[in-house]
Amino acid sequence: MKRQVVVVGAGPGGSATAFYMRKKGLDVLLVDKETFPREKICGDAYQRASLEPIFREMGIYEEMEKEVRYSSKFIRQFGPGEEEVVFKLEKSEWIIPRRIGDDIIRRAAVREGADWLPGFEATELIMKKGQVKGVKGILNNEEMIIEADLTVIANGSHSMIGRQLGIFNNDPALFMYAIRGNWVNVENLVPGTSCWIYDPDWMPVVDQELCDKHFYQPMWIGCLDLEGTKASVGCCVSEGLLKGHGMSVDEYFNYWKEHSVPGQRYLKNAVNIDGMKGWRLPCCEKIEKNYAAGAFVIGDAAASPDPCYYYGIAPAMFGGKFAADVAEEAFAIDDFSEEKLSEFHARLSGMFDPIWAQYVAIRKNIVGNREVARDLITSTLALPEYPEVFYGQRFSTYMKEVFASNAKMSFGSHLEGRDREGKSKTK
Amino acid sequence: MSSGGINIDVKEPSKKGAANSSSKKKQVEIVKKDFLDNKVVPLEEVTAEINPEKCINCGVCRDNCPVNAIAENQRIICHSCSVCTDKPGFSPTRSEELATECSCTTACPLQLSPQGYIGLAKAGLYQEAFDIIWAKNPLPAVCGSVCHHPCEDACKRGIIVDSPIKIRDIKKYLAVNEEANVKKYKPIYEETVAIIGAGPAGLTAGHYLAAMGYEVTIFEGSNEAGGMLKRGIPEFRLDRGLIDQDIKRLTDAGLDIRLDSRIDKYMMEELRREYDIVIVAAGTPTSKELQIPGWRLAGVMPAASFMQQVNHGMQLRRHLGQIFEFQDGEAVIIGGGSVAMDAARTAKRIGASKVTVVSLECGEEIPAHPWEKAEAIEEGIEIIEGYSPIEFTTDLFPKIKGVKFAKVTACKKEADGKINFTIDEADTMEVKADWVVQAIGQFADEVWNNYKDAKDVFFAGDIASNKCSVVDAMASGRQAAIDVDALLRGRLMKNDLASHELELAPVMQRIYPYNRRKVARSTVKTLAPEERISSFDEVEGVLTEEQLLTEAISCLGCGYEVVNSEECIACGICQKLCPKGDVITMVAKGGTK
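Residues numbered from 1 in each chain as written. Chains lettered and ligands numbered in written order. Predicted model: local features only at pLDDT ≥ 70, side-chain atom pairs only at ≥ 80, totals over all residues. Heavy atoms only, no water.

Trainee: When you look at the nonpolar core in this model, what are you seeing that I'm missing?
Mentor: One broad trend across soluble globular proteins is that nonpolar side chains are buried collectively. Counting 78 residues, the largest nonpolar core has Met 21, Phe 55 and Phe 296 of chain A as its most contacted members. If one sorts the elements of this core by residue count, helix H10 (residues 313–333) of chain A sits on top with twelve residues. In terms of nonpolar packing, the next biggest core, distinct from the first, is built from 72 residues, Leu 120, Cys 143, Tyr 173 and Ala 205 of chain B among them. (Core = buried A, V, L, I, M, F, W, Y, C linked by side-chain atoms within 4.5 Å. Buried < 20%, exposed > 50% of the residue type's maximum accessible area, 1.4 Å probe, protein only. Helix = DSSP H or I, 4+ residues; strand = E, 2+ residues; numbered from the N terminus.)

The following block contains the structure:
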């Protein structure tokens, strides 16, 4: 089979790519190893603030809105100890089960005319003279070859075909173990509020250097329904940090639940009803190389989630949009060289790198620093307009204030000079 | 050509060598020419490199590397998501520990690499896969049926993902393949070796020594080769045709097995005069018997003679002239090991109305493998744990009526295999018995004790160790063969016998089982319990070819070999011996990048 474009993986990133490429009039085959709708373990948050324009372009905004299970309007932030503050979100975040939301996005691509082939498991890229020429895989237990001028690799954080190109994040500082489960009897919940908990004090610091390197305290709790005691609770911890502690994520989580102020505040009597389920979560501090001759790599496969809150859907779907723009030009001049396709990276990183740099700064300077975390909370509480304080806005102004007064802090990445394996480049 | 020396292409040494045949000295300066950038690299700067994506971890290069520069690396298996695994674990530290704890190769007492032959079988190379097995395991069909498969217990797929690859069944499939043939042994050395006993240990020692190039003669006391495989293991566990198939392969390859040649004290002296080395692999043919009151009653039998008599279709008797009837009777088996389970299942098959196994040990301490116990229970055999016999009772001498047992209060196994235990004589029970089999261990003939210190006599098999499984006996035979070779040749070798160390593969090689095909795992056809107990047909069948491929494709390929470029001397042996062929290349040290 020979196609113009084959998109491997029909999650939000792959489906958006297929949609926008169809819009440009290209011949697109969208494949996935699953049949849709399919389950996906994840935080279930669609970041509406960024995604709204894409949803509207794809014509699925209203459909998505109908499926919103719960809309997160506030974010409660814990500091070290007892401090807490509630921010308003500029735009509420949508919690939609991935099973439903992803399928709506995929159907938009199919409506636009992308051919849909479920049950095809991509196993290997077809390479000719260093150029990707399609993908080999298995359909109904038989090997199948799909040749294509352009191959889009969007099959998630485990992507072995991405690894074939050397694009795969294994850096222990930026590869997270995430777990999540549904809990009942959660106390002190406020409807419409998600919690981010930054509390560096609860855990004995085993290795300060290690803790400086890693996002130290990523815990989140989200209400699932308005009845009050049911919540989705989870955490993600970097592999390097777990290794440093010699712990597993669930041990880490349980330790937090038993020993921290917010853990006791929310989960003292809470019961997990469906087991804690885990997933792999790679992220980046700036958009990494996500192209090769004849191929784009989209979303988690290119480790594009942000380095602080781990939102992955926005960079994946925007990736699809930019990839389609570059693909149109590439088909017009019939040039699929690495150089041509690198424009995709330039456009995507042009949009996301400044935001990601800010996230890195938040992670490094606020989350890992109890003095600053405490100061952020107390100064926010002291603002005359509180509680009418917006989350993003407050963080940006606060960052500016802090950076103006404290020369030691910088926006630069502390992981500079590290390769994707997490090893130091200067040896 | 550079001015530094004569450039000899390593790929075509003969051509250039012919042109320069007069000078031997110059051959030392062999250099490798890098074809891509036409650069000349001196040999010291060349190293072998193994492609991890293509390597199937068969271990041939590692075993044959003269400087021990090749190590087995084990990949970490990520198992944090429930989509990848049925047994999620969220600890990166634990994942790393699991990777280097064991591999199927280090678990095998023969150091045979299952991943290697599975990899070749997956590619349809059945003969090559068989060759890998045959090089280290001369009884593949037998092991394919009765090995207690430590490799499957070590299989990472079983530990981390779902259930282990059915390595034993794959081996059986490859071994029963009629088309797989073996190469004839080539005698190289003058030294001769005599082996006493054609059981698993003797045959293995013979195979290894013959393959090394020695002239080997095996002397077997009975009229058939196989030893305990034929005498001890019941037919329903091991098809007799499979033993014969393995032995035929050995004789086809040129192994000299002399039947009906019982070696006694006098013959032994003659053997020592005629042969350079004698390996005693005569086994432990005699059963221990508890000499408690009533042990001479008719109907009390030692396990070894019981199994031998049933396996050969003989009339059951304790000794000449004493024949007793057992049909419809109730049988009691004393002991808790594999032999006791075999004896119990055999008793059921020859018509005992009720079979009870009484063991000294309790629960997990029972020496029989869990699946043996489970199969026995499936077939309706009762197992009583924690009792020791104190008397065989009778009311009509010499016929046995029952066995009196006392409760075991404490039981401890010593390092040498002996069991220390105490009983409570007040707490007793009696089990009705029309006949009794004592399966409490076996011992060797005393005559061999005289040779313990002799330099030219080696021991292998049950006689040399207290481990009593088939594959352990074979490993002991292999050890004897390697010891003999080292003595005769004065070899200074790396320790082939010690299980090698595993190294941790870099994170980039991490395996995500998610991306492997999820396949419905196959099950070998087994007979139903009701069918089993009425016949001696082998309970377990053979995989179909489709099932074989399904199993092979499920192998995660955790291991691969890595060359330490610092130690590599670029001799090229690994490249030459690699059964897959496309795995090893010679490159400049420090990489070509």
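Now that the structure is up, let's keep going.
Trainee: Whenever I open this one, the sheet that holds strand S21 (residues 559–563) of chain B confuses me. Can you help?
Mentor: Strand pairing in a sheet relies on backbone hydrogen bonds, with the paired strands running either antiparallel or parallel. All names here are of chain B. Read across the open sheet, the three strands follow the order S20-S4-S21; overall the sheet is mixed. Every interior strand has two partners, whereas the edge strands, strand S20 (502–504) and S21, have only one. Across the sheet, the mean angle separating the axes of adjacent strands is 45 degrees when strand polarity is ignored. When strand S4 (residues 70–74) meets S20, the two strands line up parallel, connected through three bridges. Its bridge partner lying in S20, Gln 74 is registered against Leu 504. Relative to the sheet, helix H3 (residues 92–101) contacts S4 and S20, its axis offset from that of S20 by approximately 150 degrees. (Pairing = 2+ DSSP bridges. Axes fitted to C-alpha atoms, helices over the stretch in contact; angles between N-to-C directions. Contact = heavy atoms within 4.5 Å.)

Trainee: Mind showing me how you'd approach the environment of Asp 115 of chain A here?
Mentor: As for its placement among the helices and strands, Asp 115 of chain A is situated in strand S6 (residues 115–118). Considering only alpha carbons, one finds Asp 115 of chain A and Leu 29 of chain A, 86 residues apart in sequence, at a separation of 4.7 Å.

Trainee: Help me understand the state of the cysteines in this model?
Mentor: Disulfide: a covalent bond formed between the sulfur atoms of two cysteine residues. Applying the stated rule across the entire model yields zero disulfides over all chains. No disulfide involves Cys 235 of chain A; its sulfur sits 6.7 Å from the nearest other cysteine sulfur, which is in Cys 236 of chain A. The thiol sulfur of Cys 578 of chain B is not disulfide-bonded, and the nearest other cysteine sulfur, from Cys 58 of chain B, lies at 6.0 Å. (Disulfide = S-S within 2.5 Å.)

Trainee: What am I meant to see in the side chain of Asn 73 of chain B here?
Mentor: All names here are of chain B. In this fold, Asn 73 is placed in strand S4. On the basis of relative accessibility, which here comes to 5%, the residue Asn 73 falls in the buried class. Once you skip the residues sitting within four places of it in the chain, Asn 73 turns out to touch Glu 503, Leu 504, Ala 505, Cys 558, Gly 559, Tyr 560 and Val 562.

Trainee: How should the side chain of Asn 170 of chain A be read in this particular structure?
Mentor: In this fold, Asn 170 of chain A is placed in the loop between helix H5 (160–164) and strand S10 (175–184). Residue class for Asn 170 of chain A comes out buried when judged on its relative accessible area of 0%. Side-chain polar atoms of Asn 170 of chain A contact the side chain of Arg 280 of chain A, separated by 3.3 Å. Looking at Asn 170 of chain A, its side chain comes within polar contact range of the main-chain oxygen of Val 507 of chain B, at 3.0 Å. (Polar contact = N/O pair within 3.5 Å; in protein donor to acceptor, adjacent residues only side chain to side chain.)

Honestly, it's all geometry; don't read function into it.
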